[in-house]
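# Residue-level structural notes
Below, each chain spelled out in residue letters.
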Amino acid sequence: MVKPRNLNQQSNRIAAITQKFAETFGSPPTFIASAPGRVNLIGEHTDYNDGYVFPVAIDKYINIAARQRTDRRVILHASDVNDASEFDLDALHSIPQQAPAWSHYLIGVASLLQASRRKIAGIDAVITGDVPIGAGLSSSAALSVAATLAFLTAGSELEVLESENGKKELAALCQRVEHEFAGVNCGIMDQTISLLGKENHALFLDCRSLEYEHVPLNLAGHYITICNTKVKRELAASEYNKRRAECERGVDILSQWIPGISSLRDIDLTDFKKHEEELPALTQKRCRYVIEENTRVLEAVSVLKAPTEKTDEALIQFGNLMNASHNGLRDDYEVSCKELDLLTEIARSITGVIGSRMTGAGFGGCTVSIVHKDALETFQTRVRKEYHEQIGIDPEIYLCHVGDGAQVFWSSELS
Ligand code: GLA
């Protein structure tokens, strides 16, 4: 049975990576940069449309234990995948052909930090993590953010992390790494929550202005529960970029009728309904989903802020919005898949589950459900049994504790 929470987990991870570093490099690291993955509660595929999102940082991390070198070499060991790679900070014009895919993120981060005139230094580093890879929980954003912190720490440039604007600048840099080094035209959500997450709070983020608010999660005995389909998101990158292009096409066409708009964020449902017939059928569905989803996020945030005596009612509304979000992703945006649909259906049929939806880019990956503590056991038993019976795969279930954003731990403070 999965236990609701283990407070010592992060310190266990730090101890394990410290030991791994010492085994690999002969003495302990100087510091450990740690960045969390995320689960998005609502507001999917809205970030690159200048819209609203509502993610939380989860207690799953990418950790990089490191020590500054006196030269410009970067020596990396990815111990979970038993792989290694190295490069030189003065020769970053192109990614070496033999460089493993995970190392592209570190090469990307180093290149862009140098291009933005941040002082960085060579490092010896060990990378470990427990954010499942390719599961829609932002393992790649967590890797870029942890790498950013590691290079900045080695270059004594950490003060950029002390300001809100500094963190936003780093989130934008990590987003560019995805665009320029991984070929995914992603939005800004994942990198921002990994840097700005706050314990027991969700981040209500306006992806246009980057203004945000930490909203307390008053879940009255419910847990944020993640189920991993264990289906890899093969189509994710190409279909993701297609969805983004379809939304931009929609804005292009609609701007002939609704002047002054520059993204779907600028259109409300009433205006959209007046002009939707101008759009090709597929573009129409995509745009409708995004416009409705933005409205749902605003509603979801406002219901979560309801006074305590109304929490139960508010949570039901919140759950209904999550369900509607999934239905839109499945029917109009078409980024779900049969495994995600099945997990949400099983979840929704259990008393004590207030809402369930896919989370992240889609085409596999994870669902997020809000489950009452008394229903956890039934939830886990039924999800495991029914998913296995129908798909033939054992799903993974994580009860998540909402944690803080990325941090650097100094080894001297830890011992
Ligand atoms: C991926 C991207 C994000 C966001 C989500 C979908 O996680 O990296 O920017 O677009 O998909 O909401």
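Going by the structure above, here's the rest.
Residues numbered from 1 in each chain as written. Predicted model: local features only at pLDDT ≥ 70, side-chain atom pairs only at ≥ 80, totals over all residues. Heavy atoms only, no water.

Moving on: the side chain of H326. Tracing the chain through its elements places H326 in helix 9 (residues 311–331). The buried category is assigned to H326, whose relative accessible area is 0%. The contacts of H326, once residues within four sequence positions are left out, are S336, L340, D341, T344, R348, S356, R357 and M358. (Helix = DSSP H or I, 4+ residues; strand = E, 2+ residues; numbered from the N terminus. Buried < 20%, exposed > 50% of the residue type's maximum accessible area, 1.4 Å probe, protein only. Contact = heavy atoms within 4.5 Å.)

What follows concerns the pattern of salt bridges. Scanning the entire structure with this criterion turns up 32 salt bridges. Of the charged contacts in the structure, one is a salt bridge between R243 and E239, with a shortest N-O distance of 2.8 Å. In this pair, R243 and E239 both sit in helix 6 (residues 236–254), four residues apart, roughly one turn of the helix. The shortest N-O distance in the salt bridge between E339 and K338 comes to 3.5 Å. On the basis of relative accessible area, E339 is assigned to the buried category, the value being 11%. Beyond isolated ion pairs, a larger network of salt bridges with shared partners links R67, R69, D71 and D124. (Salt bridge = Lys/Arg side-chain N within 4 Å of Asp/Glu carboxyl O.)

Summed over the entire model, instances satisfying the criterion amount to six aromatic pairs. Centroid distance F54 to F318: 6.4 Å. Interplanar angle 65°. Geometry classified as edge-to-face. Linking F54 in the loop between strand 2 (52–53) and strand 3 (55–68) with F318 in helix 9, this pair joins segments that are 264 residues apart in sequence. Of the two residues examined, F54 and F318, each falls in the buried class. Here the basic side chain of K60 rests over the ring of Y398, its NZ or CZ set 4.5 Å away from the ring centre. (Phe/Tyr/Trp six-rings, centres within 6.5 Å; stacked < 30°, edge-to-face > 60°. Lys NZ or Arg CZ within 6 Å of the ring centre and 35° of its normal.)

This part covers the site of the ligand. Taken together, the residues surrounding the ligand are R38, E44, H45, D47, Y48, C186, G187, M189, D190, Y240, G360 and A361. At 2.5 Å from an oxygen atom of the ligand is found a side-chain nitrogen or oxygen belonging to D47. Taking D190, its side chain carries an N or O atom lying 2.6 Å from an oxygen atom of the ligand. Burial of the ligand by the protein amounts to 93% of the accessible area it has alone, namely 310 Å². Looking at the shell around the ligand residue by residue, the classes come out as five nonpolar, three polar and four charged. (Near = heavy atom within 4 Å. Polar contact = N/O pair within 3.5 Å; in protein donor to acceptor, adjacent residues only side chain to side chain. Areas by Shrake-Rupley, 256 points an atom, 1.4 Å probe, with all protein chains shown as cover. Nonpolar A, V, L, I, M, F, W, Y, C, P; charged D, E, K, R; others polar.)

Everything listed here is a matter of coordinates, which is why it stays silent on function.
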